[in-house]
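Fold and geometry: a report
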Amino acid sequence: MLSDEQLIKIRRHLHANPEIGMQEVKTHQFLLEQIAKFPQENLTIETISEIPTALLVRIAGSDPKRTIALRTDMDALPIQEETGLDFASKNDHVMHACGHDIHMTVALGILSYFAEHQPKDNLLVFFQPAEENEFGGKRFYDAGGFQGEYLPDEFYALHVNPQLPAGQIASRKGTLFAGSNELRISFIGKSGHAAYPQNAKDSIVAAANFVTNVQTVVSRNVDPIEGGVVTIGKFNAGKAMNIIAGKADIEGTIRSFTQSGMEIMTKHIRMIAEGIAGAFGQELKINFRQGGYMPVVNDERTTNFFIDYMKNADGVDFKIVQPAMIAEDFGFLSNQFEGTMCWLGVNDPKHSLHSDHLNPDESAITRGVEAIKGFLIARMQK
């Protein structure tokens, strides 16, 4: 099994060499090199040409009743790292600012153990590309990656949390993370001279009305107990102060803890946009893109096993947490298979996920390996 020192060395290599989603070529090769060092007797690897950077590693069980899968993501973010670490990213404007380097390292640690100690059940470890932007889990599923010997009965995953103590495991029954839907809207009117507004169709006025009115979607259409978020993060319009803009482009995100809530919010956003476009004489282009970002809903049966183990296991610091509005494309896989996701604390409370200064506490790696490894062993006895 990989030692603490080996795990940290692996993590630092991954951190220094991040790659954007669907471009994880060197990451893919490095993972293959590490896996090749493990005992190969019960180990096989599945790849598919449609998603070339993905890896699905299988260890055959000694007396299998089920196939248990563990998912880890591989991709980094388009962020310029500012940590000043000796092993900071070597790639300009690319950084593991969401902890996927930690995730991969924990997965390799678990894989190294079960390669040496054959599991009772079949075990899959899915190294998934493109979690951040291209719905890698859904794409692998849609391409037929999970079938035959590589079809899981249960799926598990973890995500680092800088606000929790290093090594702490945290989860809950039901919804853990929200679903997310990308929103892109263009109002297209008619440009003109600022002195003659009657001859133009002002797209900024239309778009500004939309931004204001869309804030009522949650407050007046979503159950307050359920909650939701509509955030407009990008607004582009106009070329000069004395020209009426003939086009305005808006981008934002919609988040809900339930798929039904997402559908309600999407419906009302579309209604508002269409009404404003009609009132201000605008052509409307509107696009919603949810892809794989469905809510992460922890299955009741598997989560009962997970929480019971973590609460009672020696050396595991476990906490029940409230749901979070972040989105994770494991939501798609948890919608297809029974399974559970959890947080792994990495103790960097000054910095959030996606921060250019994020610096996880590496002591969390071994504790994460031990906690998840222990759970998998216990689960295989049930």
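Above this text sits the structure in question.
An account of the accompanying structure is given in this report. Here the structure is a predicted model, which is why all the values come from computation and not from measurement. (Residues numbered from 1 in each chain as written. Predicted model: local features only at pLDDT ≥ 70, side-chain atom pairs only at ≥ 80, totals over all residues. Heavy atoms only, no water.)

Examining the environment of T44
Relative to the elements of secondary structure, T44 occurs in strand β1 (residues 43-48). Separated by 150 residues in the primary sequence, T44 and A194 have C-alpha atoms spaced 67 Å apart. What T44 contacts, discounting residues up to four positions off in sequence, is L56, V57, R58 and Y150. Among the polar contacts listed, one links the side chain of T44 to the side chain of Y150, at a separation of 2.9 Å. (Helix = DSSP H or I, 4+ residues; strand = E, 2+ residues; numbered from the N terminus. Contact = heavy atoms within 4.5 Å. Polar contact = N/O pair within 3.5 Å; in protein donor to acceptor, adjacent residues only side chain to side chain.)

With respect to the nonpolar core
In terms of nonpolar packing, the biggest core is built from 50 residues, with I35, F127, I169, M310, I372 and L376 touching the most fellow members. Tallying contributions element by element places helix α3 (residues 100-116) first for this core, with 10 residues. Residue contacts for L376: discarding those within four places in its chain leaves I68, I110, F114 and L123. Counting residues in each nonpolar core, the second largest holds 26 residues, with A69, F155, M294 and L333 among its members. (Core = buried A, V, L, I, M, F, W, Y, C linked by side-chain atoms within 4.5 Å. Buried < 20%, exposed > 50% of the residue type's maximum accessible area, 1.4 Å probe, protein only.)

Structural notes on the packing of helix α2 (residues 25-35) against α3
The packing of two helices is summarised by the inter-axis angle and the distance between the axes. Contact geometry for α2 and α3: axes closest at 11 Å, N-to-C directions at 25°. With respect to each other, α2 and α3 are oriented roughly parallel. Like other packed secondary-structure pairs, α2 and α3 cross with a definite hand, here right-handed. Within the contact between the two elements, α2 uses T27, L31, Q34 and I35 and α3 uses M104, L108 and L111. In terms of residue class, the contact of α2 with α3 is built from five nonpolar, two polar and no charged. (Axes fitted to C-alpha atoms, helices over the stretch in contact; angles between N-to-C directions. Parallel < 35°, antiparallel > 145°, perpendicular 65-115°, else oblique. Left-handed = near helix turned anticlockwise from the far one by under 90°. Nonpolar A, V, L, I, M, F, W, Y, C, P; charged D, E, K, R; others polar.)

Looking at helix α8 (residues 300-312)
In this model, α8 (13 residues) spans 18 Å end to end at C-alpha, consistent with the 18 Å of a helix rising 1.5 Å per residue. Buried within α8 we find T302, T303, F306, I307 and M310. Down the axis of α8, the sector holding all buried residues measures 125°, keeping them to one side. Seen from the open side of α8, the exposed residues pointing more than 90 degrees away from its buried face are E300, K311 and N312. Contacts made by the buried residues of α8 are with β5 (154-161), β6 (169-171), β13 (296-298), β14 (318-320), β16 (338-345) and α10 (363-379). The opening residue of α8, the one whose side-chain oxygen lies 3.2 Å from the backbone nitrogen of R301, is D299. (Expected span 1.5 Å × (residues − 1). Arc of directions from axis to C-beta.)

Quick look at the side chain of T27
In this structure, T27 sits in helix α2. Looking at T27, the relative accessible area reads 3%, which means it is buried. With residues near it in sequence (within four places) discarded, T27 still touches L14, N17, E19, M74 and M104.

Notes on the pattern of salt bridges
Applying the stated rule across the entire model yields 20 salt bridges. Of the charged contacts in the structure, one is a salt bridge between E134 and R139, with a shortest N-O distance of 3.5 Å. The class for E134 is partly exposed, based on a relative accessible area of 27%. Under the relative-accessibility criterion, R139 is labelled partly exposed at 32%. Two residues, K247 and D249, come together in a salt bridge whose shortest N-O distance is 3.9 Å. Given the relative accessible area of 28%, D249 is considered partly exposed. Where salt bridges share partners, they join R66, D121, E154, R301, E338 and R379 into one cluster. (Salt bridge = Lys/Arg side-chain N within 4 Å of Asp/Glu carboxyl O.)

Here we look at the packing of aromatic side chains
Overall, the coordinates contain 16 aromatic pairs when judged by the stated rule. Judged by centre distance (5.1 Å) and plane angle (65°), the ring pair of Y156 and F375 falls under edge-to-face. Pair noted here: Y156 is in strand β5 and F375 is in helix α10, with a separation of 219 residues, a long-range link. Under the relative-accessibility criterion, F375 is labelled buried at 2%. One aromatic cluster is present, formed by F126, F140, Y141, F146, F155, F330, F332 and F337 through successive ring pairs. (Phe/Tyr/Trp six-rings, centres within 6.5 Å; stacked < 30°, edge-to-face > 60°.)

Here's the deal with α3
Taking 1.5 Å per residue, 17 residues should reach 24 Å; α3 reaches 24 Å between its end C-alpha atoms and fits that length. In terms of burial, α3 is a largely internal element, 16 of the 17 residues being buried.

Quick word on the pairing of strand β11 (residues 247-256)
Strand direction decides the pairing type here: strand β7 (residues 174-188) and β11, joined by 10 bridges, are antiparallel. Directly across from F187, in β11, lies its bridge partner A248. Relative to β11, strand β9 (residues 228-237) is paired through nine bridges, and the arrangement is antiparallel. Directly across from A237, in β11, lies its bridge partner A248. (Pairing = 2+ DSSP bridges.)

Function cannot be read off these values alone, since they describe shape.
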